[in-house]
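# Secondary and tertiary structure notes
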Amino acid sequence: MEVSLADEEDIDGVLAVQKEQLLAYRPEESKTILEQEGFLIYPTSAEELRAIIQDKKGHIFLVAKEKEAIVGYVLTYDLETWIRSEAHWTEKIIVPEDVRALLYRSKTLYLRHVARRKGFKGCGKILETELFRLAKARGYSLVVAEILEKPHHNIASTSLHVKLGFSKIGIKNDKGGRVWGVYAKKL
Ligand SMILES: CC(C)(COP(=O)(O)OP(=O)(O)OC[C@H]1O[C@@H](n2cnc3c(N)ncnc32)[C@H](O)[C@@H]1OP(=O)(O)O)[C@@H](O)C(=O)NCCC(=O)NCCS
């Protein structure tokens, strides 16, 4: 499996992975399966991905390929870039004040999506290991992620991130009664 920075030619492949993992496209799957295998909630569009690829300073966006086909991706934002597009994120997260201060004092990366095609177990760890290496080289010292807890608990994502050294630092209440766990890892 090869991991590289995403370019515009990769957008269709990334959207295909995303479609396979979005909750909205999996109405026939049980809650147990969804929680064990993981899922994505909010989609990204081709236009958004194009803009992200062009804004190299504001993002680290990696794709994993097997025989030249996209099998997974991880999409991250510099926290300042994320807050520009998600203006009230800062007020929405419920974290201890010292942790909040640390998030802003540090050069922090916000992890928006990590996903792989079904059948490519191992891809999540490979992608994030390369992400951490690159992020550290670019001066990042913290990575923050949100993982859905209610009404569906994303057990696959929680397990992956705890295994990779993330700890829960707080929660975020979202529209529709959703509750996200906020996780962070020092690099
Ligand atoms: C979450 C996701 C990216 C994990 O990728 P993956 O390739 O399955 O993860 P890996 O095989 O690299 O897992 C590394 C470790 O994480 C843990 N882990 C990963 N998935 C797990 C699961 N479903 N249950 C329990 N532990 C899990 C294990 O400790 C695993 O190590 P092991 O295989 O030696 O036991 C993948 O399940 C996925 O794409 N899910 C749908 C999208 C999604 O949920 N994205 C996250 C949104 S926040």
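In this report, we go over the structure that sits alongside the text. Just so you know, these numbers come straight off a predicted model, no measurement behind them. (Residues numbered from 1 in each chain as written. Predicted model: local features only at pLDDT ≥ 70, side-chain atom pairs only at ≥ 80, totals over all residues.)

### Let's talk about the overall build of the chain
For the chain, the count of helices and strands is eight helices and eight strands. Over its C-alpha atoms the chain spans a radius of gyration of 16 Å, differing by no more than 12% from the 16 Å that the globule rule assigns to 187 residues. Summarising its shape, the C-alpha atoms of the chain cover approximately 45 × 40 × 30 Å along the three principal directions. Evaluated residue by residue, the chain yields a buried proportion of 32% over its 187 residues. Considering only intrachain contacts with a sequence separation of at least 6, the fraction spanning at least 24 residues in the chain is 70%. (Helix = DSSP H or I, 4+ residues; strand = E, 2+ residues; numbered from the N terminus. Rg over C-alpha atoms; globule rule 2.2 N^0.38 Å. Buried ≥ 20, exposed ≤ 12 C-beta atoms within 10 Å, placed from the backbone. Contact = placed C-beta atoms within 7 Å.)

### Notes on the nonpolar core
Of all hydrophobic cores here, the largest spans 41 residues; its most connected members are L62 and Y73. At the level of elements, helix 1 (11–21), helix 3 (46–54), strand 2 (59–66), strand 3 (69–78), strand 5 (108–116), helix 7 (123–137), strand 6 (142–150) and strand 8 (179–186) are the ones that each hand at least two residues to this core. If we ignore the near neighbours within four places in the chain, the residues touching L62 are V3, S4, L5, A6, Y73, V74, L127, E130 and L131. (Core = buried A, V, L, I, M, F, W, Y, C linked by C-beta atoms within 7 Å.)

### What about the site of the ligand?
Surrounding the ligand, one finds 22 residues, the nearest of these being G38, G124, K125, A156 and S159. Elements supplying a minimum of two residues to the shell around the ligand: helix 2 (31–37), strand 5, helix 7 and helix 8 (155–163). Residue contributions to the shell around the ligand peak at six residues, all from helix 8. Among the residues forming the shell around the ligand, the class breakdown is nine nonpolar, eight polar and five charged. (Near = placed C-beta within 6 Å. Nonpolar A, V, L, I, M, F, W, Y, C, P; charged D, E, K, R; others polar.)

### Here's the deal with helix 7
The periodicity of an α-helix, 3.6 residues per turn, causes residues three or four places apart in sequence to face the same way. Helix length check: helix 7, at 15 residues, gives a terminal C-alpha distance of 21 Å against a target of 21 Å (1.5 Å per residue), a fit within 8%. The set of residues buried in helix 7 consists of C123, G124, L127, E128, L131 and A135. One side of helix 7 carries all its buried residues, which in axial view fall inside an arc of 115°. Those residues of helix 7 that are exposed and angled more than 90 degrees off the buried face are T129, R133 and A137. Of the surrounding secondary structure, the elements contacted by the buried residues of helix 7 are strand 1 (2–5), strand 2, strand 3, strand 5, strand 6 and helix 8. Positioned one or two residues after helix 7, G139 has a phi angle of 95°, which is positive. (Expected span 1.5 Å × (residues − 1). Arc of directions from axis to C-beta.)

### A short note on the environment of A101
Looking at where A101 falls in the secondary structure, it is placed in helix 6 (residues 97–105). Accessibility expressed as a C-beta count within 10 Å gives 11 for A101, which makes it exposed. With 84 residues separating them in the primary sequence, A101 and V17 have C-alpha atoms 35 Å apart.

### So, unusual backbone geometry
Most of the time, phi is negative for any residue but glycine, and the peptide bond is trans. Put simply, K150 and P151 share a cis peptide bond, and its omega is 5°. Phi at K67 is positive, roughly 45°, even though this residue is not glycine. Structurally, the position occupied by K67 is in the loop between strand 2 and strand 3. One non-glycine residue, E68, adopts positive backbone phi at about 70°. Of note, E68 is situated in the loop between strand 2 and strand 3. Residue classification places E68 among the exposed positions, given that 7 C-beta atoms sit within 10 Å.

Limitation: the analysis is restricted to geometry and does not speak to function.
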